[in-house]
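# Inside the fold
Chain by chain, the residues run as shown.
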Amino acid sequence: MTDVRNVAVLGATGSIGSSTLNVVARHPDRFRVASLAAGRRAEMLDRLAARWNPDYVVLADPLSRVPGGWGGDWRYGPEALTEAAADPAIPIVINALVGFAGLRSTLAALDAGKRLALANKESLVVGGELVLAAAAAGGGELLPIDSEHSAILQCLGNRSADEMHRVILTASGGPFRAWPVERFGGIRPEDALAHPTWSMGEKISVDSATLANKALEVIEAHLLFGLDFDRIEVVVHPASIVHSMVEFRDGSTVSQLGHPTMEIPILYALSAPERLENEFRPFDPVESGPLEFERLRREDFPMFELGVAAGRSGGTAPAVYNAANEVAVEAFLAGRLTFTGIPRLVEVVLSKMPPVPVEGVDHLVNVDAEARSRARESVGTPSSTRGDRIS
Ligand code: NAD
Ligand code: MG
């Protein structure tokens, strides 16, 4: 008889949060939802609480609370969120928050020695060595939910990362993969949100359209697998069937394939190294059609090079890149910035804040705030709208 393990689902109302709950629902003998947390979708959180009956729920934005509803233990505010990540009664934390707002939860879960199933790549990219140090010191495990990194982990199996010569991350190319660059100036939010192969939250959808997401993933691979940037390649693969490849030092290349669904990487992050019985749609290689690959149009998607350069610079550069990008994406979605304005804005902020070594989490919080305020100044938006970062 295997123990049922408690799971905290941070970001429960989002796309990854919902997929996580679908996965957990199919394995009640293995996992139990012990806490649920969200930003400000209080009514949805309330419905989820009634369905899952967790020990408590956390709403990061206290002003969004709903009267009545689920009669259990409600907790409020960003501190309650970090406490939920550190709760000793919960050995597995899913961090499916979006953006920098997930950093303290990532650190808290790793400090407390948990298994952290990490969708919130921004926290790893921004926190860098700090996050790796927390995992080492706390004895926690860091398992990626990103499909590409889950693929690498699965290709690696029980081998050491030293045996990898190179990884090849696949990229769908996003909705503008085949658009001529001349049309980029007229891209509207609804065009950017229409991802060809994945259905995801708004922020990552825009990041996939600019290829900022792929730059974040290159940095994520560098940190997770200890690979030099020169050993991380990116190739466009529009069908999103091959989730990434590992070239081993003997010249053999191994890849992981399947339909584009986040449920497989989520389940693997929960169960690894074990593989659990699962319901799934069988993969038919004939039906899936030819596997096509293309070069990345680096010159037309400057967010990719800017992000990888920030990763190579290290220190505070990824935090500046990330914060400026978060503000740029919000402004683009609100119709205050053009699509081509996103990389211009991020480049300006990066040029104003040269990288310095990271001194600790409070230092990163200050760098993040400064980069946001510089980005907002450039875009001409008010710097203190209530809880901008909470959705
Ligand atoms: P989403 O926007 O659908 O959901 C985000 C969740 O975080 C929501 O529950 C929201 O309430 C919560 N949240 C947002 N801001 C918050 C704050 N300040 N405090 C507390 N809670 C807050 O996003 P998503 O698509 O599920 O993505 C989540 C993370 O997973 C992102 O880092 C994304 O890059 C990563 N990811 C997503 C996918 C995908 O398929 N959606 C794939 C790979 C990686
Ligand atoms: Mg990915």
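Cut-off values and rules
Starting afresh in each chain, residues are numbered from 1 along the sequence in its written order. To label them, take the chains in the order written and letter them from A, then take the ligands in the order written and number them from 1. Totals for whole chains, interfaces and linings use every residue, but because this is a predicted model, local features are given only for residues with pLDDT of at least 70 and side-chain atom pairs only at 80 or more, for both listing and counting. Side-chain metrics rest on all non-hydrogen atoms present in the structure, leaving aside hydrogens and water. Secondary structure elements are defined from DSSP: runs of H or I of at least 4 residues count as helices, runs of E of at least 2 residues count as strands, and each element is numbered from the N terminus. Every radius of gyration here is taken over C-alpha atoms, with the globule rule written as 2.2 Å times N^0.38, N being the number of residues. The buried label applies to any residue whose accessible area, calculated with a 1.4 Å probe on protein chains only, is under 20% of its type's maximum; exposed applies above 50%, and partly exposed to all values in between. It only takes one pair of heavy atoms within 4.5 Å for two residues to be counted as in contact. Note on areas: Shrake-Rupley, 1.4 Å probe, and residue coverage restricted to the protein chains presented here. Only four residue types enter the tally: Lys and Arg on the positive side, Asp and Glu on the negative side, with His and both chain ends excluded. By convention, the point assigned to a charge is CZ for Arg, NZ for Lys, CD for Glu and CG for Asp. Stacked, tilted and edge-to-face pairs are distinguished by plane angle, under 30 degrees for stacked and over 60 for edge-to-face with tilted covering the rest, among Phe, Tyr and Trp rings (Trp via its six-membered ring) whose centres lie within 6.5 Å. When DSSP finds two or more bridges between a pair of strands, those strands are recorded as paired. To get an axis, a line is fitted to the C-alpha atoms, and for a helix only the part in contact is used. The angle between two axes follows their N-to-C directions and goes from 0 to 180 degrees. Residue-level confidence of the predictor, termed pLDDT, takes values from 0 up to 100. Here a helix's expected span is defined as the number of its residues, less one, multiplied by 1.5 Å. Both cavities and pockets are sets of points on a 1 Å grid over the protein atoms alone; in a cavity a 1.4 Å probe fits but cannot get out, in a pocket the set is open with protein on both sides within 12 Å along at least five of seven lines, and lining residues sit with an atom within 4 Å of a point. Grid points are joined across faces, edges and corners, and a volume is the space filled by probe spheres set on the points. Gly falls in the polar group here, along with every residue not listed as nonpolar (Ala, Val, Leu, Ile, Met, Phe, Trp, Tyr, Cys, Pro) or charged (Asp, Glu, Lys, Arg). Criterion for a salt bridge: a side-chain nitrogen of Lys or Arg within 4 Å of a carboxyl oxygen of Asp or Glu. Here a patch means residues that are over 30% exposed by relative accessible area and free of salt bridges, tied together within 9 Å if like-charged and within 5 Å if nonpolar (Val, Leu, Ile, Met, Phe, Trp, Tyr).

## Looking at the overall build of the protein
Tallying secondary structure elements over the protein gives 16 helices and 11 strands in all. Here the C-alpha atoms of the protein give a radius of gyration of 20 Å, agreeing with the 21 Å that 2.2 N^0.38 yields for 391 residues. Structurally, the protein occupies a C-alpha span of about 55 × 55 × 40 Å along its principal axes. Looking at the protein as a whole, 55% of its 391 residues are labelled buried. Across the protein, every contact between residues at least 6 apart in sequence was considered, and the portion connecting residues at least 24 apart equals 67%. Element-wise, carbon and sulfur atoms account for 51% of the exposed surface of the protein, whose accessible area totals about 16600 Å². Computed over 37 positive and 50 negative side-chain charges, the separation of the two mean positions in the protein equals 2 Å.

## Some thoughts on the packing of aromatic side chains
Overall, the coordinates contain eight aromatic pairs when judged by the stated rule. A centroid spacing of 5.2 Å and a plane angle of 75° characterise the contact between Phe176 and Phe339, whose relative ring orientation is edge-to-face. Placement of Phe176 in the loop between strand E8 (164-171) and helix H8 (189-193) and of Phe339 in the loop between helix H14 (317-333) and helix H15 (341-352) is noted, with a sequence separation of 163 residues between them. In this structure, Phe176 and Phe339 share a single accessibility class: buried.

## Regarding the sheet that holds strand E1 (residues 5-10)
On the basis of which strands lie adjacent, the open sheet formed by seven strands has the order E4-E3-E2-E1-E5-E6-E7 and parallel pairing. Strands at the two margins of the open sheet, each flanked by one partner only, are strand E4 (73-76) and strand E7 (141-144). Taken pair by pair, the neighbouring strands of this sheet meet at an average axis angle of 20°, ignoring direction. Here E1 pairs with strand E2 (residues 31-38) via six bridges, running parallel. Across the sheet, Asn6 pairs through a bridge with Arg32, a residue of E2. Sheet strands in contact with helix H2 (residues 42-52) are E2, strand E3 (56-59) and E4, and its direction is about 165° off that of E2.

## Some remarks on the confidence of the model for the protein
When the pLDDT values of the protein are averaged, the result is 95; 97% of them are 70 or greater. Within the model, pLDDT remains below 50 along residues 384-389, and this stretch shows 14 contacts once partners closer than five positions in the same chain are excluded.

## Focus on helix H13 (residues 302-313)
Compared with an ideal rise of 1.5 Å per residue, which puts 12 residues at 16 Å, H13 spans 16 Å between its outermost C-alpha atoms and is within 8% of the ideal. Listed as buried for H13 are Met303, Phe304, Leu306, Gly307, Val308, Ala310 and Gly311. Directly beyond the C-terminal end of H13, a positive phi value near 70° is found at Gly314.

## Describing the environment of Gly186
Mapped onto the fold, Gly186 is located in the loop between E8 and H8. Since its relative accessible area comes to 54%, Gly186 is described here as exposed.

## Observations regarding the layout of surface pockets
Approximately 560 Å³ is the volume attributed to the second largest pocket. For the lining of the second largest pocket, the secondary structure elements donating two or more residues are helix H7 (147-156), strand E11 (253-257) and helix H11 (263-271). In terms of residue count, the dominant contributor to the lining of the second largest pocket is H11 (six residues). A class-by-class count of the residues in the lining of the second largest pocket yields eight nonpolar, 10 polar and seven charged.

## Focus on the pattern of salt bridges
Using the criterion set out here, one finds 27 salt bridges in the structure. Arg32 is the salt-bridge partner of Asp55, the closest N and O atoms lying 2.6 Å from each other. Of the two residues, Asp55 is situated in the loop between H2 and E3 and Arg32 in strand E2; the sequence distance between them amounts to 23 residues. Classification of Asp55 by relative accessible area gives partly exposed; the value is 40%. Of the charged contacts, one joins Asp362 and Arg104 as a salt bridge, the two residues approaching to 3.3 Å between their closest N and O atoms.

## Examining H15
With 12 residues, H15 extends 17 Å from end C-alpha to end C-alpha; this agrees with the ideal 16 Å at 1.5 Å per step. Where H15 is buried, its residues contact helix H9 (202-210), H13, H14 and helix H16 (361-379).

## Focus: the side chain of Thr106
Secondary-structure assignment places Thr106 in helix H4 (residues 103-111). Those residues in contact with Thr106 that lie beyond four places of it in its chain are Asn95, Leu116, Leu118, Asn120, Ser123 and Val131.

## A short note on a nonpolar patch on the surface
The grouping of Leu257, Phe283, Leu291 and Phe293 at the surface amounts to a nonpolar patch, some 310 Å² of accessible area in total. Tracing the backbone through its elements, the reader meets Leu257 in strand E11. Taking the relative accessible area as the measure of exposure, Leu257 reaches 36% and is therefore partly exposed.

## What to know about unusual backbone geometry
The general pattern is negative phi for most residues beyond glycine and trans for most peptide bonds. Cis geometry marks the peptide bond from Ala272 to Pro273; its omega dihedral reads 5°. Relative to the helices and strands, Pro273 is located in the loop between H11 and helix H12 (285-288). At Leu211, a residue that is not glycine, the phi angle is positive and equals roughly 75°. With respect to the helices and strands, Leu211 occurs in the loop between H9 and helix H10 (212-225). Notably, Ser240 is not glycine yet its phi reads approximately 50°, a positive angle. Tracing the backbone shows Ser240 in the loop between strand E9 (232-236) and strand E10 (242-248).

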